[in-house]
Every structure is written in C-alpha cells, then in structure tokens.
Amino acid sequence: MRYWSVLGVAVLLFFSGCEQLLREEPPLAKPEKEQTKEEILAEVRPFLAPIQTTLAGGAVISDIERYTMLSNLRDAVMRHGDKPAAREAFQELGWEAQGMARQAADMERYRLVLICIDVAELLATESVLLKRLGARADIMLDMPTVRVKGFLDDVEKKQTHIFIELFNRRTGEVDKLQAREGEEFNNLRLVRIIGGNQAV
C-alpha cells in the first residue's frame, strides 16, 4: 500500500512539472546597445570630481569621500571592464589621474598624490612617474612639519631654548617640544640657531 501511495505522489509531481514545460517561454530581452567610450567617460568622470575640487583649492578629501570615490570606480570597472570601449575610457581616465597626481605633487599635497595613484592603479594605469611620485609622497608624509613658535634665552647657562611644534602629516597630530642646539627629537636634529633667534 505504501508503495502505491508513494508512486501516486511521484506521478502527480511529475505531471504537475510537465505542465510548466508546456507553457510558452517569454521572449528573450533584446541585447543592450554597446556603450561608446564617450558615454562611459561621461558616466565615470564625475567620480573624480572631489580630486578636481581639491586641486582647485577646495576642501580636502576626507577618508569617507576617498572610499566612496574608489568604490564607485571599482563598481564601474566591474560593470564595463570587459568592453573594448571601456578599456579605452579607463586608460584615458588613468592618464588624467596621473596628470592630477603631478599637479598635486607640484602643490606639495602629498596625501592627494596618493589618492590619485590609488585611482590610477584601480584603472590599471602603470607608470614610472606614478611610482616615483608615490615614493616621494610616502617620504614627505613621514616627515613632520616643523614650526618654530618662539625662543627663550637662559642668560645664566648661556643657552637658548626653542619652542617647536611638530605636525604629523599622516595623523594630523601636533607635538609641542622644547629643545636646545644639538638635541635630537623625532629623527630630527636641531643643528643651530640662525640670525639672532630668527630661524633654526
């Protein structure tokens, strides 16, 4: 009895499945028209607007803007990467990013240089210039900016104390120090005071 009931259920399932096979299939969607290089550039170029704004003297790119810009570009590369027109568009955009990196390096905005290099690498643009600019930007960002805030002459000990602020370019932290001639701090050495307490 069990055998017949299982067989009956199997036959019912089989016939209900056949009903779907007899239905008409919907017509296939028409293939998309291939986008041209100009259309892809028009879609992707606005993602680089924060870099152009910063180069024009606007606000500095925040980490969130950088992440958003790179993720949008990555999505565009994934969407269009296999098309010949897209490869040409991404190559052109990569060369533009290289030009922006050069501009940023001339303006000594080294964090922006590294962002432009990230964009160019994402677009598969390789260049000796980009490698050189990236290495220089890394070195410059590791070096602190030194600001002399004042001098204090100790007449009894015949020494001059210098008040210094060190600005870390990577983290944005400011260290306030007091130093004398010949002292070393943060991989820097205060050699001497120049021009009667004018500069170090």
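Residues numbered from 1 in each chain as written. Predicted model: local features only at pLDDT ≥ 70, side-chain atom pairs only at ≥ 80, totals over all residues. Heavy atoms only, no water.

S.K.: I keep staring at the pairing of strand β1 (residues 145–154) and nothing clicks. Help me out?
M.R.: Pairing analysis gives nine bridges linking β1 to strand β2 (residues 159–167), with the strands arranged antiparallel. When the bridges of β2 are listed, Thr145 appears paired with Phe167. The hairpin turn running from β1 into β2, its antiparallel successor, is four residues long, and Lys158 in that turn takes a positive phi close to 55°. (Pairing = 2+ DSSP bridges. Helix = DSSP H or I, 4+ residues; strand = E, 2+ residues; numbered from the N terminus.)

S.K.: Would you explain the layout of surface pockets in this entry?
M.R.: Here the largest pocket defines a volume of roughly 280 Å³. If you go around the largest pocket, you meet 14 residues; those closest to its centre are Glu108, Arg109, Tyr110, Arg111 and Leu141. Counting residues per element, the ones that place at least two in the lining of the largest pocket are α6 (110–122) and α7 (128–142). When residues in the lining of the largest pocket are grouped by element, the largest group, four residues, is from α6. A per-class count over the lining of the largest pocket returns eight nonpolar, two polar and four charged. (1 Å grid on protein atoms, 1.4 Å probe; cavity = no way out; pocket = protein on both sides within 12 Å on 5 of 7 lines; lining within 4 Å. Points joined across faces, edges and corners; volume = space filled by probe spheres on them. Nonpolar A, V, L, I, M, F, W, Y, C, P; charged D, E, K, R; others polar.)

S.K.: Would you explain the pattern of salt bridges in this entry?
M.R.: In this structure the tally under the stated criterion is seven salt bridges. One salt bridge connects Glu43 with Arg79, and the closest N-O pair in it is separated by 2.6 Å. With Glu43 in helix α2 (residues 37–44) and Arg79 in helix α4 (residues 63–80), this pair connects stretches of sequence that are 36 residues apart. Taking relative accessible area as the criterion, Arg79 reaches 45% and is therefore assigned partly exposed. Each of Lys37, Arg45, Glu92 and Glu96 takes part in a single network of salt bridges with overlapping partners. (Salt bridge = Lys/Arg side-chain N within 4 Å of Asp/Glu carboxyl O. Buried < 20%, exposed > 50% of the residue type's maximum accessible area, 1.4 Å probe, protein only.)

S.K.: I would appreciate a short explanation of α7 in the present structure.
M.R.: Turn by turn, an α-helix covers 3.6 residues, leaving residues three or four places apart pointing in a common direction. The end-to-end C-alpha distance of α7, which contains 15 residues, comes to 21 Å, matching closely the 21 Å that a straight helix rising 1.5 Å per residue would cover. Those residues of α7 that sit buried are Leu129, Leu130, Leu133, Gly134, Ala137 and Leu141. Across the axial projection of α7, the buried residues extend over an arc of 130°, all falling on one side. Turned more than 90 degrees off the buried face of α7, the exposed positions are Val128, Lys131, Arg132, Ile139 and Asp142. (Expected span 1.5 Å × (residues − 1). Arc of directions from axis to C-beta.)

S.K.: Can you walk me through the packing of helix α5 (residues 84–106) against α7 in this structure?
M.R.: The relative placement of two packed helices comes down to the angle between their axes together with the axis-to-axis distance. Where α5 contacts α7, the two axes come as close as 10 Å, and the packing angle between them is 35°. At the point where α5 passes α7, the crossing takes the left-handed sense. Contacts from Gln98, Ala101, Arg102 and Ala105 in α5 reach Leu129, Leu130, Leu133 and Arg136 in α7. Counted by class, the contact of α5 with α7 contains five nonpolar, one polar and two charged residues. (Axes fitted to C-alpha atoms, helices over the stretch in contact; angles between N-to-C directions. Left-handed = near helix turned anticlockwise from the far one by under 90°. Contact = heavy atoms within 4.5 Å.)

By themselves, these observations are geometric and do not establish any function.
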